[in-house]
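Read off the chains here:
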Amino acid sequence: MRKFLTENIKLFSQLLFKETWIEVYCTRVEEKYNIFLKLFAYYFEQAFPKTLITKTNTKKNNWLTDELKTKRVEIIELTKEFRKTKSINIKNLLKQENDKYKKELNQAKTEYFQGRIDNSSNVQKTVWRIINSEVGEKGKPHLEDIVLNVGTHNILDPKLISNLFNDYFVNVVADMNVNDTGHIVNVIPDIVHNDNLVIQPKFSLRPIEDREVEKVIDLLKNKN
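Residues numbered from 1 in each chain as written. Predicted model: local features only at pLDDT ≥ 70, side-chain atom pairs only at ≥ 80, totals over all residues. Heavy atoms only, no water.

A. Examining empty space enclosed by the protein more closely. Scanning the model with the defined rule gives 1 cavity of 30 Å³ or more in all. The space that makes up the largest cavity amounts to roughly 30 Å³. A class-by-class count of the residues in the lining of the largest cavity yields 2 nonpolar, no polar and 4 charged. (1 Å grid on protein atoms, 1.4 Å probe; cavity = no way out; pocket = protein on both sides within 12 Å on 5 of 7 lines; lining within 4 Å. Points joined across faces, edges and corners; volume = space filled by probe spheres on them. Nonpolar A, V, L, I, M, F, W, Y, C, P; charged D, E, K, R; others polar.)

B. Inspection of the confidence of the model for the chain at higher detail. When the pLDDT values of the chain are averaged, the result is 75; 71% of them are 70 or greater. Note that pLDDT drops below 50 for residues 182-199; the model gives that stretch 20 contacts with residues more than four away or on any other chain. (pLDDT = per-residue confidence, 0-100. Contact = heavy atoms within 4.5 Å.)

C. Examining the packing of helix H1 (residues 6-18) against helix H3 (residues 29-47) more closely. In the contact formed by H1 and H3, the axes pass within 9 Å of each other and the chain directions differ by 150°. In this structure, H1 crosses over H3, and the sense of that crossing is right-handed. Contacts from Asn-8, Leu-11, Phe-12, Leu-15 and Leu-16 of H1 reach H3 at Phe-40, Tyr-43, Phe-44, Gln-46 and Ala-47. Looking at the contact of H1 with H3, its residues break down into 8 nonpolar, 2 polar and no charged. (Axes fitted to C-alpha atoms, helices over the stretch in contact; angles between N-to-C directions. Helix = DSSP H or I, 4+ residues; strand = E, 2+ residues; numbered from the N terminus. Left-handed = near helix turned anticlockwise from the far one by under 90°.)

D. Region of interest: unusual backbone geometry. For Trp-21, which is not glycine, the phi dihedral falls at a positive 65°. By the secondary structure assignment, Trp-21 is in the loop between H1 and helix H2 (22-26). A positive phi angle is found at Lys-86, which is not glycine, with a value near 60°. Relative to the elements of secondary structure, Lys-86 occurs in the loop between helix H4 (66-85) and helix H5 (88-118).

E. The arrangement of H5 in detail. Over its 31 residues, H5 runs 45 Å from end to end, which matches the ideal 45 Å to within 8%, given 1.5 Å per residue. Turning to H5, its buried residues number three or more, namely Ile-90, Leu-94, Tyr-101, Leu-105, Ala-108, Lys-109, Phe-113 and Ile-117. Capping of H5 at its N-terminal end is provided by Ser-87; its side-chain oxygen lies 3.3 Å from the backbone amide nitrogen of Asn-89. (Expected span 1.5 Å × (residues − 1). Buried < 20%, exposed > 50% of the residue type's maximum accessible area, 1.4 Å probe, protein only. Polar contact = N/O pair within 3.5 Å; in protein donor to acceptor, adjacent residues only side chain to side chain.)

F. Just the packing of aromatic side chains, in detail. Going through the model one piece at a time under the given rule, you end up with 10 aromatic pairs. Residues Phe-12 and Phe-40 carry aromatic rings whose centres are separated by 5.3 Å and whose planes lie at 85° to one another, so their mutual orientation is edge-to-face. Of this pair, Phe-12 sits in helix H1 while Phe-40 is found in helix H3, placing the two residues 28 residues apart along the sequence. The exposure class of Phe-12 is buried, given its relative accessible area of 12%. A residue is classified by how much of its surface remains accessible, and Phe-40, at 30% relative accessible area, is partly exposed. Judged by centre distance (5.6 Å) and plane angle (55°), the rings of Tyr-112 and Phe-113 are tilted. Given the relative accessible area of 25%, Tyr-112 is considered partly exposed. Grouped by ring-pair contacts, the aromatic residues Phe-4, Phe-12, Trp-21, Phe-36, Phe-40, Phe-44 and Phe-48 constitute a single cluster. Against the face of Phe-82 rests Lys-86, its NZ or CZ located 5.9 Å from the ring centre. (Phe/Tyr/Trp six-rings, centres within 6.5 Å; stacked < 30°, edge-to-face > 60°. Lys NZ or Arg CZ within 6 Å of the ring centre and 35° of its normal.)

Structure below.
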C-alpha cells in the first residue's frame, strides 16, 4: 500500500524540482522516454514507498470484563517482577493469582455463552455458532484433496469415500473368514465402485436439550 499524504506529495514535488534532467537531454531521442520514466519512477518510489499492512484479529471477547482486564494487567506486571527478582514468594503469588484469574475467566465465559443461549430464539443454531467461533477453521481438512484408490478406480467424491469406509467397517466382521483355529484369513475388503451410486444418509441429527448444551459449554477451551 502506498500513502499519498500531503507530505508525500510535497516531497515528490521537491525531488522533481531538484532534478536537472541533464541525462534526458544528453541521450539519444529513442532513449529519452525510457530515461525520463526511469528517473520519474525512482523519485516516485522515494516519495511514495510501499508499506506493509498487517491485519490484526479484531475479534472482541465480550465476556472479558473490565475487572478481568485489570487482573490480567496485574498478572503481567507480576510476571515481569518475578523475572527480575526470581523471588520464590512472588512466584507462589503469581501462581495463585494466575489460577484465580483462569477460574474467574472460565466462569465469565460460561455465563456469557449461557446467556446467549437462554436469550436465543434458535438454540441449536446459536450453539453451533458458539462452537464454530471457538473452534474456528484451523485444522479443517481439505476434503477436495482426498483421493481413495479402490482397485483400478480413483474415487474423489468425499461423500462416496465416507460411505465406502462406513460400509466397510460396518460389515468387516461379518466378511471375515475364520479358520478352525480361530484365526482370521483372507480379509479382503470388497468395495464396488459405481458412478451412479445414490448416496443414502448414514446418520441424522436430533434436537438437543439444555443439559447437553451446558456440557458443550464446559468443554469449550479457553483462548485467553
